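An overview of the molecular structure
Single-letter residue listing:
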Amino acid sequence: MSGVTVVGRISVHVPRIEAASRALVRPARRGWGALAAVVALAAVAVPALQSVRPPAARPAGAPSSDFSAGRAFERVRALAVAPHPAGSVANSAARDQVMAALREAGLDPQAQDTVSVQGGELSSSAGGTGLAQVRNVVALLPGTASTGRIFLVAHYDSAQTGPGGNDDAAGTAAVLESARALAGGPRLRNDVVFVLTDAEEACLCGAQAFVDQHPLARGGGVVLNLEARGSTGPAIMFETAADNAGLIGAFAGAPKPVGTSFAVEIYRRLPNDTDFTPFLEAGFTGLNTAYIDGSAVYHAPTDTPAAMDTDSLQHLGDNALALARDLGGRDLAGLKSGGDATYFPVPGGLAVYPGSLTWPLAALALLAVIALGWLARRRGLATGGRLAAGFGLALVPIIVAPLLTVLLWALLTALRPGYAEQPIDPYRPFWYRLAILALTAMVVFAWYALLRRRLGPAALAVGGLGWLAVLGVALAAFAPGGSYLTALPALAGALAGIAAVFLRGWWSLLPVTLGAAVAIVVLLPAAIMFFPALGLTGPGAFIAALLGLAVLPVIDLLHPEAGGQRGLVAARARRLGALPALAAALALVGCTATGLVVDRFDAAHPAPAHLMYALDTDTNQARWLSADSSPQKWTSQYVSGPAVAVTDALPAFGDEKLFAGPAQPAALPAPRLTKVDDSTAGDLRTVRLRLAPQRPVRLVTLHVGAETAVTKATAGGRDVPVDRTAGGSWGFGLVFHAPPAEGVEITLTVRGTGPLKIRVMDASDGLSTLPGFRPRPADVGVTGSHSSEMLAVAHTYTL
C-alpha cells in the first residue's frame, strides 16, 4: 500500500510500511516463535532470581570449620530475650554473653568503657549532638605476619522497642560464629579484630569510640560490618569505601556474593548511617552488608528470633567468614586502590568490571542504538518520523508505571491505614510486589498494543532502547555505579536488533532472545533487590518498565501479524493484541486482592502505632504525643490533629511536628541540674554543671536558650560541637544516652554574664503504669521508633 502526502503544492509519494514488515523478528510461525522465546527467557529468569536468594541454613552439626546458622541461631536466641538498649540491665547481660562466647573461642575479649560523641537519630532531629557511655567488646586474633587488620563489626545493643532478634543479634551471632571458626582453624597472615559495639541504635557512639580511642584502630584497616534491617532475604553488600576495585575483587570470590554498585550510589545519597560510617569517615576501607527484606519487624517488638529466616543468617555469616579468610591471607597494603568497580549479581556469581569502562560502554550503547535506528530506516522498517515518535512515546511507560504504583499504594493505605506507619513494607509484601510487576506489564502491553500499528514494532523497539541508552549516559555522569543497569541492556538489545535485521526467519529470533536475556539478567535481580530496599513505591516499577522496553521485540511476538488486514480480520487482530494487557490487568487485580486477604493485621502481625508521654514539671502539665502520619483508631483516643511543633517544650525533638492530646500528670521527678562551679573571664562565663536523672532512664538532654551563645562545651569529659541548634527558643543542645546513675558532668562556656536558661529532659521507656493509659488491643503494636513508648519528663532551670 502507499499514500500521498502533500507538502505545500508538492505531492510526495511516501511508502506505507505495514506493521508485519516493520518487525525486527520475523519467524515463519509467530506462535511457535513466541513460545520458544518465552520458554528460553523463563529459563534465564529462574537462575537470575536464584542469584539473589540466600543459601540454605547449615545445621548445628556442620563441620567446625564452616559457618553454621544452626550454631549462630542459638546465640541469637540467647541475645534477643528482651529489648537491650545501651545502658540497660539487659544490655549488660547481652555483653556478658558476647564476652563469654569469645572466651569459649579461645580469645581474650576486653571491654572498652568510655564516653563517645557522635550525631545520632534523635539528636540529629534535634539539631544537637549525641553522646553515650559505651561499653564495646573487642578481641584480637593475631596474624602470623600481619600487613594490616581486618575488623569484623556488629552491634550488640538493640532498639528500646524490640529485642533485636535480627537487628543486630544476627550480625553479633555471625561475628561470634566466625570468631569460633577462625580461632579454631589455621592462623591467618593478618590480624583479625572482632568489634562488638554498643549504642549503635542511640548514636553510633560505640563505633565512634572504637575509631577515635582504641589502640587497635590506629592505622586503619578493612572493615566488614554486619547488619540486618529486616528478617529475611539475601545478605546484600550495599555500601563500600571509595576505590573499592580490590575489595570487590575479593567479594566476588565469596560463596554467594550479592550486591550492586547501583545500591552503593543510592546509599551514598541517603541520610542513613550504620556503624560503618565512623570507620569510613576515619579512612578505613571495607564492606557493609545486611539482609533487608521483611522490614516490617524493624526495631519493633516483633523483631524476635522466631521472625528470623536462618537462611539469611547463613548467607550473612558465610560471606563474612570467607572474606575474613581471603583477606586474612592477602597483602592489605595496596587493597584500597584501582578506583571503583561496577558489579552486579549474575547466575553463578558476580559480574565485575572496572569503573573506567563505564563511559565507553555507555557511549557504545548510545552509538549502537543510533546505528540500529539508522539501519531500521535504511531497510524500510521505520521512517525518521516514526523513530522520533517511538523515542518520545517510550517515556510513557517509564513515567506512568511508577505513577500508577504510587496510586496503588495510596489505595492500599486507604484500605489499610496501618500500612502508612510501617517502615518500608507490609508484613507480607509478596503479592503486592507481584501486583506492581503486573501493573507495569499492563502499562507496557497496553502502550505497545495502542502504538504498534501506528508506529511499527521497529520504531517502538528502537525508542525503548534509546531511553535505556540515554539513561546509561546520564547515570555515567551522576551515578557511575548504576550506568550498567541501562547501558548493558541497551547495548545488548541494539546489537541483537542489528543482527536480527540481517537475518531471516527463525534465525532472527535468536539474537533478540539473547538480547532480552541480557536485560533479564541485569534488570530482574535489581528490581527484586530494590523492592525491599526502598519499598513498593521505590524504583521497582521503574526498573520493571525498563525491562519491558528492553524486551519489546519478544513482546511483539505475542501480537498477531497485522500487515494488510482490513475490516473484521483487523478488528480481530486488535482484540488479540489486547490480550496481554488484559491478562496483566487481571493479574493485577488478583494479586492485589490476594495481598489484602493474606496480609491482615493480627496479634502476630500488629498494626504499628506510635505513642509517647511528655510531662512538663514547670507547669505540671502532661501530653500524649504521636508521630503517626495520622491518628489511628487506637491513638485517636489520646491525640488529635492537627500536628503541632513541640520544640519549645521538648527541644530534643527539634522542629518535628506531633499529634498531641492532654494527659494526666504523673508523679515523676524531673532530672536534677546542679551548678558545681561558676566563673567569668572578660565577657565569657564558664559554668560547670551536673545533670543527674532521678529515676532509671535511657537518656538525658540539655538545651540552652537561643539568646545565649555557647562558645565551648564538654560532657562526660568529651568536647561537644557547639554549632548545632534545636530551633525555636532553644539553641545549643546535647543528648546523652546511657547516662550513669550519678549523672553527667557538663561544662558550658557562654558569652555574656546574664541569666542562663537551660531546659533539661530525661526519657525512660514504657507507658503501662501511667494514669489514663489503656493497653493496646492484640492487633495494635508498637512502632519501631526511637521515641516510641517514650516517657519524657522536662524542666527549665535558670542559673
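Owing to the predicted nature of the structure, the values given are computational and were not obtained by experimental measurement.

1. Describing the side chain of Ser158
- Looking at the element boundaries, Ser158 is found in the loop between strand S5 (149-155) and helix H5 (169-183).
- A polar atom in the side chain of Ser158 sits 2.7 Å from the backbone nitrogen of His84.
- In this structure the side chain of Ser158 is engaged in a polar contact, spanning 3.1 Å, whose partner is the backbone oxygen of Gly162.
- Ser158 has contacts with Pro83, His84, Pro85, Pro163, Gly164, Asp167 and Glu201, leaving out every residue within four places of it along the chain.

2. Structural notes on the confidence of the model for the protein
- Overall, the predicted model of the protein reaches an average pLDDT of 92, with 94% of residues at or above 70.
- Under a pLDDT of 50 for its full length, residues 1-20 has, in the predicted model, 33 contacts with residues more than four places off or in other chains.
- Long-range and interchain partners of residues 120-125, a stretch whose pLDDT sits below 50, account for 19 contacts in this model, where long-range means more than four residues apart.

3. Some thoughts on the state of the cysteines
- For the coordinates displayed, the defined rule picks out 1 disulfide.
- A sulfur-sulfur separation of 2.1 Å characterises the disulfide bridge that pairs Cys203 with Cys205. Between Cys203 and Cys205 the sulfur-sulfur dihedral comes to about -125°; the bridge is accordingly left-handed.
- Taking the relative accessible area as the measure of exposure, Cys203 reaches 1% and is therefore buried.

4. Considering the sheet that holds strand S18 (residues 684-692)
- Sheet architecture is open: 5 strands sit in the order S17-S18-S24-S20-S21, paired in antiparallel fashion. Looking at strand neighbours, the two that pair on one side only are strand S17 (672-681) and strand S21 (718-719), the edges of this open sheet.
- Note that S18 and strand S24 (residues 744-751) share 8 bridges and pair antiparallel. What sits directly across from Leu689, in S24, is Ile746.

5. Description of the pairing of strand S19 (residues 699-705)
- Most of S19 is tucked away: 7 of the 7 residues are buried.
- Of the strand pairs in this sheet, S19 and strand S25 (residues 757-765) are connected by 6 bridges, and their pairing is antiparallel. Looking at S25, one finds that His703 is bridged to Arg759.

Conventions adopted
- Residues numbered from 1 in each chain as written.
- Predicted model: local features only at pLDDT ≥ 70, side-chain atom pairs only at ≥ 80, totals over all residues.
- Heavy atoms only, no water.
- Helix = DSSP H or I, 4+ residues; strand = E, 2+ residues; numbered from the N terminus.
- Polar contact = N/O pair within 3.5 Å; in protein donor to acceptor, adjacent residues only side chain to side chain.
- Contact = heavy atoms within 4.5 Å.
- pLDDT = per-residue confidence, 0-100.
- Disulfide = S-S within 2.5 Å.
- Buried < 20%, exposed > 50% of the residue type's maximum accessible area, 1.4 Å probe, protein only.
- Pairing = 2+ DSSP bridges.

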